[in-house]
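Given next are the chains, with one letter for each unit.
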Amino acid sequence: MPREVADQVEDSAAVEAGLDALDTPPRSKAKGTLTRSILSPIVALALFVAVWQFLWSRAIWPEFQLPAPIAVWNEIWKVIDSGQVWEFLWVSVHRAIIGFLVSVAVATPLGLLLAKVPLVRAAIGPTISGLQSLPSVAWVPAAVLWFGATDAAIYTVVLLGAVPSIANGLVAGIDQIPPILPRVGKALGAGRLDAARYILLPAALPGYLAGLKQGWAFSWRSLMAAELIATSPQLGFGLGQYLHNGMALSEMEMVMAGILLIFFVGVGIELLVFRPLERAVLRARGLTGAL
Amino acid sequence: MTATLEATPAHAGTEAAVRLTDVRKTFGHGHRAVTALDGIDLRVEPGEFVCLLGASGCGKTTLLNLIAGLDAPSSGEIALTTTRPAVMFQEAALMPWLTAARNVELPLRLAGVKRADRVARTTELLDLVRLRNVGDKRPHELSGGMRQRVALARALASALDGNNGEAASLLLMDEPFSALDAITRDVLQGELLRVWEATGTAVVFVTHDVREAVRLGQRVVLLSSKPGRVVQEWAVDGLTGADEAKAIEKINARLREVISSHAA
């Protein structure tokens, strides 16, 4: 009844403003305190070291199986102090990053094809999912026979480890897009390409990012497996080789220092790169449950 | 003032905003085929507000999708004056990664509108739905009613541009308020009438709520279910008080009759 509308406008504007104020969801406050997020892992770490120190002091196992925490720390400090650590880190990390980037470049179009072309999905979807559960270390012997102990062999292993994870993450991300969004895109006038760019990819971003995170973990793991097994002077001296040398010399301090360095690089990149990215993406969408 | 019209009123000369001629839609093939719409004739004049009313399964959403071009009819003809109607769904379906303003801007961006013009039009449309101050909020920070208003502004943005910058000529709405609470629905109905008056757009509004149909529409079109056919039409423009109540009662009775015929 449009006749009445003009008289109602003033009144309804006020009601509407009131409703807007009442119904707006409250801002979610940042959960967790500094104590919980920083102090608790430190306490857990201190406890772990204390138990280790205690077990070592009881001399249950020989030194070459369980060295003292301080001995491991000294070994780490030694490679840091001599500057050797930068060499291992550089060799391994730059390989992991190159391998990861190439994996992203391969896995992204592959994931799009898998998600959007039913024939491709039926043909190779199960294989790609299956590859995810195949430990990439299983590829090392094949890669060495194909390419010799070269960088190509190492990158092959890294790619076979990371590509399935990233592709599967993207597929999952696209599968989980609410069907209404592409329909809305069509109604708003998006063509196929525009729909992919402005709707499908941004909507799939959380799943894709989860895939990238897992892909990074897999490339780092695969790389360490490859470096540990395929050692040769022409491959340079990475963290895997350092670990391998520790084993060859029966130096448990070196082995443990190697494990810790591998761990810290993996966790460090996750915390410095992927966690903030994921946080920003999820928070923008109001998905704060896991943060 | 309630009058029953012929199925297709003759308006020779003027071009209709929407003209459906014997539109049929069948889903599936062979003996399992389901006819959703069976010979729909409908004409919506420019600037007219038409409510499509019907129970579940009457194909009202299917009909709206056909008019919106999201789906193709099995047979029959659909003619629109606009190249792209504005469409609003039951859910706001805002892009959760974009702010309210960016959501409104999206169709303009898709249409390749220049940045300055995009910003100006977005501000204008957010003003129209009285959400000027929340442009930089994300959908999850808005209430259900506010989200639906953003969706309305976004739909209008797509139509405005689809029409070469002229006023929107057709707005299609699929039960846009049915998921909202009663007060919000009431306010948004008033809001929609205000926007309709301000833009002069033709509106095709799908609903299962007789009261809503009579309050909003100038004309109410009742569809039967399975398959969907036009049963009857009523002119309900400008009804108030007792007349309005009478119209609601009458249409309700007819709707109940149509629904009852499905029992057995």
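If you check an unreviewed UniProt entry, chain B appears there as NitT/TauT family transport system ATP-binding protein from Actinokineospora iranica.

Going by an unreviewed UniProt entry, chain A carries the name NitT/TauT family transport system permease protein and comes from Actinokineospora iranica. As recorded by UniProt, the Subcellular location (unreviewed entry) comment attached to chain A reads in full: "Cell membrane". Turning to chain A, the UniProt annotation filed under Sequence similarities (unreviewed entry) states: "Belongs to the binding-protein-dependent transport system permease family."

Q: So what's going on with the overall build of chain B? Which residues, and what values?
A: Within chain B, the secondary structure is distributed over seven helices and 10 strands. Taking 2.2 N^0.38 as the reference for a compact globule, 264 residues should give roughly 18 Å; the C-alpha atoms of chain B span a radius of gyration of 19 Å, in line with that estimate. On the principal axes, the C-alpha backbone points of chain B span a range of 55 × 45 × 40 Å. Put simply, chain B has 264 residues, and 55% of those count as buried. Within chain B, contacts between residues separated by at least 24 positions form 71% of all contacts whose residues are at least 6 apart in sequence. Working note: accessible area of chain B is about 11100 Å², and carbon and sulfur atoms make up 48% of it. In chain B, 31 side chains carry a positive charge and 32 a negative one; their mean positions are 5 Å apart.

Q: Please provide a residue-by-residue account of the UniProt feature "transmembrane region" (unreviewed entry) in chain A, values included.
A: Feature annotation in UniProt assigns "transmembrane region" (unreviewed entry) to the following positions: residues 37–56, 96–115, 127–147, 153–174, 195–212 and 254–274 of chain A. In the segment residues 96–115 of chain A, helix accounts for 100% and strand for 0%; the C-alpha atoms at its two ends are 27 Å apart.

Q: Can you break down the confidence of the model for chain B residue by residue, with the values?
A: Note: predicted coordinates in regions of low pLDDT should not be interpreted at a detailed level. Residue and element names in this part refer to chain B. Residues at a pLDDT of 70 or more form 90% of chain B, whose mean pLDDT is 82. Low pLDDT, under 50, characterises residues 1–13; the stretch is placed with 22 contacts to residues that sit more than four places away or in other chains. Confidence estimates for the predicted assembly give a pTM of 0.76 and an ipTM of 0.79.

Q: Before we move on, could you go through the interface of chain A and chain B and cite the residues and values that matter?
A: Residue-level contacts link 34 residues of chain A with 45 residues of chain B. Linking chain A to chain B there are one salt bridge. Here Arg 149 of chain B makes a salt bridge to Asp 20 of chain A, at a shortest N to O gap of 2.8 Å. Our count for the chain A to chain B interface comes out at four residue pairs in polar contact (both at pLDDT 80 or more). The set of elements that each furnish at least two residues to the side of chain A that touches chain B consists of α1 (2–23), α8 (180–187), α9 (192–229) and α11 (252–284) of chain A. The greatest single-element share of the side of chain A that touches chain B, amounting to 12 residues, is contributed by α1 of chain A. Counted by class, the side of chain A that touches chain B contains 19 nonpolar, five polar and 10 charged residues.

Q: Explain the pattern of salt bridges to me, and be specific about the residues and the numbers.
A: This structure, assessed with the given rule, holds 23 salt bridges over all chains. Of the charged contacts, one joins Arg 121 of chain A and Asp 175 of chain A as a salt bridge, the two residues approaching to 2.5 Å between their closest N and O atoms. Of this pair, Arg 121 of chain A sits in helix α5 (residues 118–133) while Asp 175 of chain A sits in helix α7 (residues 151–175); the two residues are 54 residues apart in sequence, bridging distant segments of the chain. On the basis of relative accessible area, Asp 175 of chain A is assigned to the partly exposed category, the value being 43%. Of the charged contacts in the structure, one is a salt bridge between Arg 24 of chain B and Asp 22 of chain B, with a shortest N-O distance of 3.2 Å. Three or more residues are tied together by salt bridges with common partners; here these are Lys 213, Glu 270, Arg 275 and Glu 278 of chain A.

Q: Please set out the nonpolar core residue by residue, giving values where relevant.
A: Core analysis: the biggest nonpolar cluster contains 98 residues, and Leu 181, Trp 220 and Leu 239 of chain A have the highest contact counts within it. The greatest single-element share of this core, amounting to 13 residues, is contributed by α9 of chain A. Each of two domains, domain 1 (15–81 + 170–264) and domain 2 (93–168) of chain B, supplies a minimum of three residues to this core. Apart from residues lying up to four places away in sequence, Leu 181 of chain A is in contact with Ile 199 and Ala 203 of chain A together with Ala 93, Leu 94, Met 95, Pro 96 and Trp 97 of chain B.

Reading guide: rules and limits
- Think of each chain on its own: its residues are numbered from 1, step by step along the sequence as written.
- Written order determines the labels here, with chains lettered from A and ligands numbered from 1.
- Residues qualify for local features only when their pLDDT is at least 70, as the model is predicted, and side-chain atom pairs are given and counted only at 80 or more; totals for whole chains, interfaces and linings, by contrast, use all residues.
- In computing side-chain properties, one takes all heavy atoms of the structure into account and sets aside hydrogens as well as water.
- UniProt positions are given in the numbering used here, feature names are shortened, and annotations may be inferred rather than shown by experiment.
- Helix and strand definitions here come from DSSP, where helices need a minimum of 4 consecutive H or I residues and strands a minimum of 2 consecutive E residues; each element is numbered from the N-terminal end.
- Just to be clear, the radius of gyration here is over C-alpha atoms, and the globule rule we use is 2.2 Å times residues to the power 0.38.
- Burial classes follow relative accessibility: with a 1.4 Å probe on protein chains only, a residue under 20% of its type's maximum area counts as buried, one over 50% as exposed, and anything between as partly exposed.
- Residues are treated as being in contact if the distance between any of their heavy atoms lies within 4.5 Å.
- Residue exposure ignores everything except the shown protein chains as possible cover, and the areas themselves are Shrake-Rupley values with a 1.4 Å probe.
- This count recognises Lys and Arg as positive and Asp and Glu as negative, with His and chain-terminal groups excluded.
- For the purpose of locating charges, the reference atoms are NZ of Lys, CZ of Arg, CG of Asp and CD of Glu.
- The predictor reports its confidence for every residue as pLDDT, a score running from 0 up to 100.
- Whenever Lys or Arg places a side-chain nitrogen within 4 Å of a carboxyl oxygen from Asp or Glu, that contact is recorded as a salt bridge.
- Identification of polar contacts relies on pairs of N or O atoms within 3.5 Å, with a donor-acceptor requirement for protein atoms, meaning one able to donate a hydrogen and the other able to accept it, and with residues adjacent in sequence counted only if both atoms are side-chain atoms.
- Residue type decides the class: Asp, Glu, Lys and Arg count as charged, Ala, Val, Leu, Ile, Met, Phe, Trp, Tyr, Cys and Pro as nonpolar, and the leftover types, Gly among them, as polar.
- By nonpolar core is meant a set of buried Ala, Val, Leu, Ile, Met, Phe, Trp, Tyr and Cys residues that side-chain atoms within 4.5 Å join together.
- Boundaries between domains were set according to an automatic or database domain assignment.

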